[in-house]
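Examination of the molecular architecture
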Amino acid sequence: MMQPGSSAVTDEIRVKLCARTDVGQIREHNEDNFLVADLTKRAKGSFDSTRFAAVGHQGSVFAVCDGMGGAAAGEVASQLAVDMLYERMIDGLDDAQVLSRDDVARRLVRAIEAAGLRIFQDAKADRTRRGMGTTVTAAALVDGFLFFAQVGDSRGYILRQGQLVQMTRDQSLVNQLIEAGQLTEEEAETFEHNNIILQALGTADTVQVDLTYCELRRGDTVLLCSDGLSGMVRFDEIREVLKTTPDPVEACRVLIERANQAGGHDNVTVIVGQFDGEGIPAAGGEPEPLKYRKYALPEEGTDTERHRRMLAETAPLVPIVSGRPPSASNPPQGLGSTAVLSNPADISAAIAAAGQALRSSRPPLRYEDEQIEIPGTHVPAWVVALIVVAVLGAVTGLAFLFLR
């Protein structure tokens, strides 16, 4: 097997693709956007054909962006994200250039970082757009490798031989609690604070892009979606639709219809693509099962982009609020209910409320139970001790003066 970073474009890879977005049943505006682009042909648009299209030697990129900020601001953020992503992916390419896997992965990460910085700068410059942001789940295809780049809680899945696997991880408070064993999947469905995500493009000048990958097999189906789908339609139902609906156009239609039938509390965007061709190995006999796998880019000599982040573990994530579909205890609040918790006091209050909800709904944790560390605003213990000593000293001094 070739090394992950190598590239050898030989036989043809074909993809049959459809992308659609819908405003849903509650919202007045659609703040979602998507990107489907052929990097070789420098072409982007809505691919709703049922015919297979050949993937060029420079690959393709697909993305779903879920904007937040209310009214036009969320739509602006998600549109900026897809535009910047496309522009950076094709920047400096010439027709003869063959991109390696590392080249494509690096372009994808940097494009998302640049989009986050641009949205942040625009929001800072225009008061009417303060607080706007967007999630992004993007997939770049080259040489039989599919890279996933994640910021926020939109999702990427692969269906292979009837098994559906989530290839991204939600950057959300709910998912953090689930992974720490503090919340079950069933409890998460009605968790009061399921609208808190850990980062989004535009809420800071830097983002941590979670980069994962998979080696494609013939017959694989990719699904990218906003949480307007994943938050409204159960995992098993999504899998059944993809298994029983071979046409991507029909699959997109059915998935959006199911989300709206479930309440349609949010905008819903889906991209469904099916892969085939001699350039992809046949399914079966894989050395390990399909799963979430991080991709570590090799270091470069000099990096001039200050917002560059190669690894997702370089800094803590900051909780913010997104437009996640409401639960039974968190009814829809209509347009404009999404907001960014940029104030440390607001962040601490949201986390405290989440902790209180967990404590009231579940039995107390035993001493040996694993605890979860939620990012927040904390004062070091030595500072607290210093303050206490200073206060006690001041009180003692005053008492001495008055008692003389």
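Up top is the structure.
The rules we used
Residues numbered from 1 in each chain as written. Predicted model: local features only at pLDDT ≥ 70, side-chain atom pairs only at ≥ 80, totals over all residues. Heavy atoms only, no water. Helix = DSSP H or I, 4+ residues; strand = E, 2+ residues; numbered from the N terminus. Buried < 20%, exposed > 50% of the residue type's maximum accessible area, 1.4 Å probe, protein only. Contact = heavy atoms within 4.5 Å. Areas by Shrake-Rupley, 256 points an atom, 1.4 Å probe, with all protein chains shown as cover. Core = buried A, V, L, I, M, F, W, Y, C linked by side-chain atoms within 4.5 Å. Pairing = 2+ DSSP bridges. Axes fitted to C-alpha atoms, helices over the stretch in contact; angles between N-to-C directions. Phe/Tyr/Trp six-rings, centres within 6.5 Å; stacked < 30°, edge-to-face > 60°. Lys NZ or Arg CZ within 6 Å of the ring centre and 35° of its normal. Parallel < 35°, antiparallel > 145°, perpendicular 65-115°, else oblique. Left-handed = near helix turned anticlockwise from the far one by under 90°. Nonpolar A, V, L, I, M, F, W, Y, C, P; charged D, E, K, R; others polar. Arc of directions from axis to C-beta.

**Digging into the overall build of the protein chain**
Within the protein chain one finds nine helices and 15 strands. Here the protein chain, with 404 residues, has 49% of them falling under the buried criterion. Restricting to contacts in the protein chain with at least 6 residues of sequence separation, those with at least 24 account for 78%. Accessible surface, the protein chain as shown: approximately 18900 Å² in total, 53% of it carbon and sulfur.

**Quick look at the nonpolar core**
Generally speaking, soluble globular proteins have nonpolar side chains that are buried together. Among the nonpolar cores identified, the biggest contains 43 residues, and Leu85, Leu108, Ile112, Phe147, Leu201 and Leu211 are the most heavily contacted of them. Every element with two or more residues in this core is listed here: strand S2 (32-38), strand S5 (60-68), helix H1 (71-90), helix H2 (101-125), strand S7 (136-142), strand S8 (145-151) and strand S12 (210-215). At 10 residues, H2 tops the list of elements feeding residues into this core. Apart from residues no more than four positions distant in its own chain, Ile112 is found in contact with Leu85, Val136, Ala138, Ala149, Val151, Leu201, Val207 and Val209. With 23 residues, the next largest nonpolar core counts Ile13, Val15, Val36 and Ala139 among its residues.

**Concerning the sheet that holds strand S4 (residues 53-54)**
With antiparallel pairing, the six strands of this open sheet are ordered in space as S4-S1-S14-S13-S9-S10. Each edge of the sheet is formed by a strand with only one pairing partner; in this case those strands are S4 and strand S10 (163-166). Where strand S1 (residues 14-22) and strand S14 (residues 268-276) come together, nine bridges link them in antiparallel fashion. Of the residues in S14, the one forming a bridge with Lys16 is Gln274. Where helix H7 (residues 248-261) meets the sheet, it contacts S1, strand S13 (221-225) and S14, and its direction lies at approximately 30° from that of S1.

**A word on the pairing of S10**
Where strand S9 (residues 155-160) meets S10, four bridges bridge the pair, whose relative direction is antiparallel. Bridge pairing in S10 links Ile158 to Val165. In sequence, S9 turns back onto S10 through a hairpin of two residues, with Gln161 there showing a positive phi of about 50°.

**So, the packing of aromatic side chains**
Applying the stated criterion to the full structure yields five aromatic pairs. Aromatic side chains Phe145 and Phe147 sit 5.9 Å apart centroid to centroid with 45° between the ring planes, which places their arrangement in the tilted category. The interplanar angle of 80° and the centroid separation of 4.8 Å between the aromatic rings of Phe147 and Tyr295 together place this pair among those described as edge-to-face. You can see Phe147 sitting in strand S8 and its partner Tyr295 sitting in the loop between S14 and strand S15 (320-321), a full 148 residues away along the chain. Tyr295 shares its class with Phe147; the two are buried. Ring-pair connections join several aromatic residues into one group, and the members of that group are Phe145, Phe147, Tyr213 and Tyr295. Across from the ring centre of Tyr292, 4.0 Å away, lies the NZ or CZ of Arg169, which sits over that ring.

**Description of the packing of helix H6 (residues 235-244) against H7**
Interaxial distance between H6 and H7 falls to 9 Å at its minimum, and their mutual angle equals 155°. With respect to H7, the axis of H6 lies roughly antiparallel. Of the two possible hands of crossing, H6 and H7 adopt the one that is right-handed. Where H6 approaches H7, its residues Glu237, Ile238, Val241 and Leu242 are matched on the opposing element by Ala251, Val254, Leu255 and Arg258. Split into classes, the residues belonging to the contact of H6 with H7 amount to six nonpolar, no polar and two charged.

**Regarding the pairing of S1**
As paired elements, S1 and S4 share two bridges and run antiparallel to each other. Note that in S4 the partner of Val15 across the bridge is Ala53.

**Quick word on H6**
For H6, the set of buried residues is Ile238, Val241 and Leu242. Taken end-on, H6 shows its buried residues confined to a sector of 95°, consistent with a single buried face. Buried residues along H6 sit in contact with S9, S10, S13, helix H5 (227-230), H7 and S14.

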